[in-house]
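# Residue-level structural notes
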Amino acid sequence: MNYPPRLRLANLPTPLLPLRRLSAELGGPTIWLKRDDLTGSAISGNKSRKLEFSLAEALEQGCDTVLTVGGVQSNHCRATALLCAQLGLRCHLLLFGPEAPPDGNLLLDRLAGARIDFYPADTYTEMKVPILEEWKERYRQQGARPFLIPSGASDAIGLWGYISAAKELAGDFQRLDIEPSHILFATGSGGTHGGLALGKELFGLDAGIEGVIVDEDARYFDAKIHADMRDWAGRYGQALNTDRIGLNLVEGYVGEGYAIASEEVFSLIRKLARTEGVVLDPVYTGKAFLALVDGIRDGRFGDSTDIVFIHTGGIFGLFPQRGQLFGRP
Ligand SMILES: *Cc1c(COP(=O)(O)O)cnc(C)c1O
């Protein structure tokens, strides 16, 4: 595989560890946790894998200013802000949602010295791209060299992060002598899912790749991820017919909406912290892990002996939701 330019920004490989007590309690397959929450400390989670490629491209193009977009508690924006500081790049975040006191990810964005502008949350879908483009043009006119990273770093470039993670997982499985039947994780902008789906094709992974959507719906992600994979094949001259790749998108776990978690999710977050010392978040991993636990309870994984959950990070998103963590008032 010919990889494009890459910066070594994430602590890799991440551990793949069994959740012995929880697996025994549920009575199903052994749950293996791929600890992508350990790609770093403040710069942690799945976005670091993608940003190794996005930011390498920014430097390759001689850019000095990185523009990106997300929710107020975006993990992607926080990782980008800190990595830009590390690389000496200017960072400008466009955050959709009400301006809030510095807490969780937003606190770290501020600490990293990113410039931040807030926009109304309900304009996110239609306005994020035009506003990004508008800022890009403004920077250009000022003589700066802007580089634009889409939400979640989910585009043709960012896909490489989880293509290479698929290779890493294939090595983990070989070393541990396991053949997991399923790999589950949260899908929020689709780059993790698209990268793993491509990696499965490229490296012959046998496991089913299942993204639990935490926003939008399956139709939206099927189109979005296929578009990104097509761009990837075109941009990097790959012969793979990506349209033929089927995507397993698990619905039913968005709940009341993006970043709004039910008491069932908070209860599972408490449970995992107390059973295994692992901290999930209410926006992504808590909802996706609930899908995995439900799947085991419903016998959906049949007679599988091993399944994998990718812990994609997100711990800082827990802090601003402290009010709900120990039961609703
Ligand atoms: C962004 C994010 C996801 C979703 O990954 P995508 O590649 O955007 O689908 C999952 N978990 C956490 C903690 C994230 O920050």
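Summarised in this report is the structure supplied together with it.

Conventions and cut-offs
- Residues numbered from 1 in each chain as written.
- Predicted model: local features only at pLDDT ≥ 70, side-chain atom pairs only at ≥ 80, totals over all residues.
- Heavy atoms only, no water.
- Helix = DSSP H or I, 4+ residues; strand = E, 2+ residues; numbered from the N terminus.
- Rg over C-alpha atoms; globule rule 2.2 N^0.38 Å.
- Buried < 20%, exposed > 50% of the residue type's maximum accessible area, 1.4 Å probe, protein only.
- Areas by Shrake-Rupley, 256 points an atom, 1.4 Å probe, with all protein chains shown as cover.
- Lys, Arg positive; Asp, Glu negative; His and termini not counted.
- Charge placed at Lys NZ, Arg CZ, Asp CG, Glu CD.
- Near = heavy atom within 4 Å.
- Polar contact = N/O pair within 3.5 Å; in protein donor to acceptor, adjacent residues only side chain to side chain.
- Nonpolar A, V, L, I, M, F, W, Y, C, P; charged D, E, K, R; others polar.
- Expected span 1.5 Å × (residues − 1).
- Contact = heavy atoms within 4.5 Å.
- Phe/Tyr/Trp six-rings, centres within 6.5 Å; stacked < 30°, edge-to-face > 60°.
- Lys NZ or Arg CZ within 6 Å of the ring centre and 35° of its normal.
- Patch = residues over 30% accessible without salt bridge, like charges linked within 9 Å, V, L, I, M, F, W, Y side chains within 5 Å.
- Salt bridge = Lys/Arg side-chain N within 4 Å of Asp/Glu carboxyl O.
- Pairing = 2+ DSSP bridges.
- Axes fitted to C-alpha atoms, helices over the stretch in contact; angles between N-to-C directions.
- Core = buried A, V, L, I, M, F, W, Y, C linked by side-chain atoms within 4.5 Å.

When its secondary structure is counted, the protein shows eleven helices and ten strands. Taking 20 Å as the expected radius of gyration for a compact globule of 329 residues, we find that the protein reaches 19 Å, a close match to that expectation. Across its three principal axes, the protein shows a C-alpha extent of roughly 60 × 55 × 35 Å. For the protein, the residues scored as buried account for 58% of the 329 residues in total. Of the roughly 13,800 Å² of accessible surface on the protein, 49% is carried by carbon and sulfur atoms. In the protein, 34 side chains carry a positive charge and 41 a negative one; their mean positions are 4 Å apart.

What follows is about the site of the ligand. Near the ligand, the surroundings consist of 15 residues, among which K47, K50, S189, T192 and T312 are the closest. For the ligand, an oxygen atom lies 2.7 Å from a polar atom in the side chain of T192. Here T312 contributes a side-chain N or O atom positioned 2.6 Å from a nitrogen atom of the ligand. Relative to its unbound accessible area of 380 Å², the ligand is 98% covered by the protein chains. Of all the secondary structure elements, the ones that give two or more residues to the shell around the ligand are α2 (47-60), β7 (182-187) and α7 (191-203). Classifying every residue of the shell around the ligand by side-chain character gives two nonpolar, eleven polar and two charged.

This part covers helix α3 (residues 75-87). Helix length check: α3, at 13 residues, gives a terminal C-alpha distance of 18 Å against a target of 18 Å (1.5 Å per residue), a fit within 8%. Buried within α3 we find N75, H76, C77, R78, A79, T80, A81, L82, L83 and C84. Elements that come into contact with the buried residues of α3 comprise α2, β3 (65-71), β4 (90-96), α4 (104-111) and β6 (146-149). Where α3 begins, one side-chain oxygen reaches toward the backbone nitrogen of H76, 3.2 Å away; that side chain belongs to S74. Residue G88 follows α3 closely and has a positive phi angle near 75 degrees.

On to the packing of aromatic side chains, then. Taken as a whole, this structure holds eleven aromatic pairs when the rule is applied. Both rings, one in Y3 and one in W160, keep their centres 5.3 Å apart while their planes meet at 55 degrees; by these two values the pair is tilted. Residue Y3 is located in the segment before β1 (16-18), and its partner W160 is located in helix α6 (residues 159-176); the two are separated by 157 residues in the primary sequence. The exposure class of Y3 is partly exposed, given its relative accessible area of 32%. Plain terms: the ring middles of W160 and Y236 are 5.1 Å apart, the flat faces sit at 85 degrees to each other, and that makes the pair edge-to-face. Taken together, the residues span a long stretch of sequence, with W160 in helix α6 and Y236 in the loop between α8 (218-235) and β9 (248-250) at a distance of 76 residues. On the accessibility criterion, W160 (0% relative accessible area) is buried. Ring pairing ties together the aromatic residues Y3, F53, W160, W232 and Y236, which thus form one cluster. One residue, K47, lies across the ring of Y284, its end atom 5.6 Å from the ring centre. The ring of Y162 has R49 lying over it, and the distance from NZ or CZ to the ring centre is 5.5 Å.

A cluster of nonpolar side chains, namely V279, I315 and F319, defines an oily patch on the protein surface of about 220 Å² accessible area. Mapped onto the elements, F319 comes out in the loop between β10 (306-311) and α11 (322-325).

Attention shifts here to the sheet that holds β6. Sheet strands pair via backbone hydrogen bonds, and the direction of the pair is either parallel or antiparallel. In spatial order, the strands read β5-β4-β3-β6; together these four strands make up an open sheet with parallel pairing. Whereas interior strands pair on both sides, the edge strands pair on one side only; in this sheet they are β5 (115-119) and β6. Strand-to-strand twist in this sheet, taken as the mean axis angle between neighbours without regard to direction, amounts to 20 degrees. Across five bridges, the pairing between β4 and β5 is parallel. Within β5, the residue paired with L93 across the bridge is I116. Its contacts with the sheet place α3 against β3, β4 and β6, and it is angled at close to 160 degrees to β3. Packed on one face of the sheet, α4 meets β4 and β5 and runs near 140 degrees to β5.

Further remarks concern the nonpolar core. Here is a general trend for soluble globular proteins: nonpolar side chains tend to be buried in one another's company. With 43 residues, the main nonpolar core has L55, L93, M229 and W232 as its most contacted residues. Secondary-structure elements contributing two or more residues to this core are α2, α3, β4, β6, α6, α7 and α8. Beyond its immediate sequence surroundings of up to four residues, M229 is in contact with L159, G194, A197, L198, T242, I245 and L247. One finds L19, A186, A288 and L292 within the second-largest nonpolar core, a separate group that totals 32 residues.

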